[in-house]
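In case you want the letters, here they are:
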Number of protein chains: 2
Amino acid sequence: MCLALGEARAAGEGGDVPIGAIVARDGEVVAAAGNEREAAGDPTAHAEILALRRAATTLGSWRLTGCSVYVTLEPCPMCAGALVAARVDRVVFAAPDPKAGACGSLYNLCVDPRLNHEVEVVAGFAAGESAELLRSFFAERREPLAE
Amino acid sequence: MCLALGEARAAGEGGDVPIGAIVARDGEVVAAAGNEREAAGDPTAHAEILALRRAATTLGSWRLTGCSVYVTLEPCPMCAGALVAARVDRVVFAAPDPKAGACGSLYNLCVDPRLNHEVEVVAGFAAGESAELLRSFFAERREPLAE
């Protein structure tokens, strides 16, 4: 999660909401990405989507069986759906997202037995550090009240 | 939808599950894509994701306000979440997907007032033609519908 937080920090320094993700398999990092929605002008360029795409390129398969994804914020519906689509084994997220989280907050798409794959969800690892990173990002950008 | 079905047919001829999508704005086609999961080895390369990414590149913004997406199969959770994330106005789909559909079948992520955007859903346009395309694809390959 330390590496994912590093990706999140780098995304924030580039002007994107600071969220980072890592894909690992057998204890090795396969792919890493930060959120690039603003930098790339791509609505799908969330950290998880980019990390999954990079992992598939590295591993030579869209099936990411045996992989775990570490992400600094609870995945949104798009990203939770992507974790299922990529057949990853596990997602570990730091801060919960009560407004859009789809791994336990609003939905839990990862553990729906009606879908053709289930992803184990582990929550709360380094949640405070991730939440503080997001809080300070938005606090810095909040415009002061007009006098 | 005729153009989306053309993209679906081309995807099927390339060995991918035949699903196609179009993004349109003000009556003009902005982007088109077929499913490329197998061809690209990318778990996120569903037709809708690719079409949204291409539309964002063409329009120079990740916010696809004013856009409608036409897709031959009801979007899965990842793709329905992407439609919300991209802020499109409307999705029109052909065949329903009772196994993974997230625009009315298993979920309806597009019209959840808790999320920060809602997408109008129109269903059933050219459903028979799309369903037949999928049925014949899987019949030829004797594989279950699993995308």
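All values derive from a computational prediction rather than experimental measurement.

About the criteria used
- Residues numbered from 1 in each chain as written.
- Chains lettered and ligands numbered in written order.
- Predicted model: local features only at pLDDT ≥ 70, side-chain atom pairs only at ≥ 80, totals over all residues.
- Heavy atoms only, no water.
- Helix = DSSP H or I, 4+ residues; strand = E, 2+ residues; numbered from the N terminus.
- Expected span 1.5 Å × (residues − 1).
- Buried < 20%, exposed > 50% of the residue type's maximum accessible area, 1.4 Å probe, protein only.
- Contact = heavy atoms within 4.5 Å.
- Least-squares fit on C-alpha atoms with pLDDT ≥ 70 in both.
- Salt bridge = Lys/Arg side-chain N within 4 Å of Asp/Glu carboxyl O.
- Pairing = 2+ DSSP bridges.
- Axes fitted to C-alpha atoms, helices over the stretch in contact; angles between N-to-C directions.

Draft legend 1. Main features of helix α3 (residues 47-59) of chain B. All names here are of chain B. Between its terminal C-alpha atoms α3 stretches 18 Å, which fits the 18 Å expected from 13 residues at 1.5 Å a residue. Regarding α3, the residues found buried are Ala47, Glu48, Ile49, Leu50, Ala51, Leu52, Ala55 and Ala56. Contacts from the buried residues of α3 go to β1 (20-25), β2 (28-34), β3 (67-73) and α4 (77-85). One or two positions beyond α3, positive phi appears at Gly60, with a value near 70 degrees.

Draft legend 2. Expanded view of the relation of the copies chain B and chain A. Note on the identical chains: chain B maps onto chain A by a rotation of 180 degrees and an axial translation of 0.0 Å, with an RMSD of 0.1 Å. Given the turn and translation reported, the copies of this chain are related as if by a two-fold rotation axis. For chain B, the minimum C-alpha distance to the rotation axis belongs to Met78 of chain B and amounts to 2.0 Å. A shared interface surface links the copies, since 93% of the contact residues of chain B are contact residues in chain A too.

Draft legend 3. Quick peek at the pattern of salt bridges. Residues and elements named next belong to chain A. For the structure on display, the rule yields 16 salt bridges over all chains. Residue Arg54 pairs with Glu36 through a salt bridge whose shortest N-O separation is 3.0 Å. A residue pair is termed long-range when its members are at least 10 positions apart, and Arg54 in helix α3 (residues 47-59) and Glu36 in the loop between β2 (28-34) and α2 (37-40) qualify at 18 residues. Glu120 is paired through a salt bridge with Arg90; the nearest N and O atoms lie 2.9 Å apart.

Draft legend 4. Focus on unusual backbone geometry. Although it is not a glycine, Asp26 of chain A sits at a positive phi angle of roughly 50 degrees. Along the chain, Asp26 of chain A turns up in the loop between β1 (20-25) and β2. When its relative accessible area of 71% is taken as the criterion, Asp26 of chain A is described as exposed. The phi angle at Arg87 of chain B is positive, at roughly 60 degrees, despite the residue not being glycine. Relative to the helices and strands, Arg87 of chain B is located in the loop between α4 and β4 (90-95). The exposure class of Arg87 of chain B is buried, given its relative accessible area of 14%.

Draft legend 5. Representation of the sheet that holds β2 of chain B within the structure. Residues and elements named next belong to chain B. Sheet architecture is open: five strands sit in the order β2-β1-β3-β4-β5, paired in mixed fashion. The open sheet has two free edges, formed respectively by β2 and β5 (120-123), since each of these has just one partner strand. With direction set aside, neighbouring strand axes in the sheet form an average angle of 15 degrees. Pairing of β4 with β5 involves four bridges; the strand directions are parallel. Paired with Arg90 across the two strands is Glu120, which belongs to β5. Where α3 meets the sheet, its contacts fall on β1, β2 and β3, and the angle it forms with β2 comes to roughly 140 degrees.

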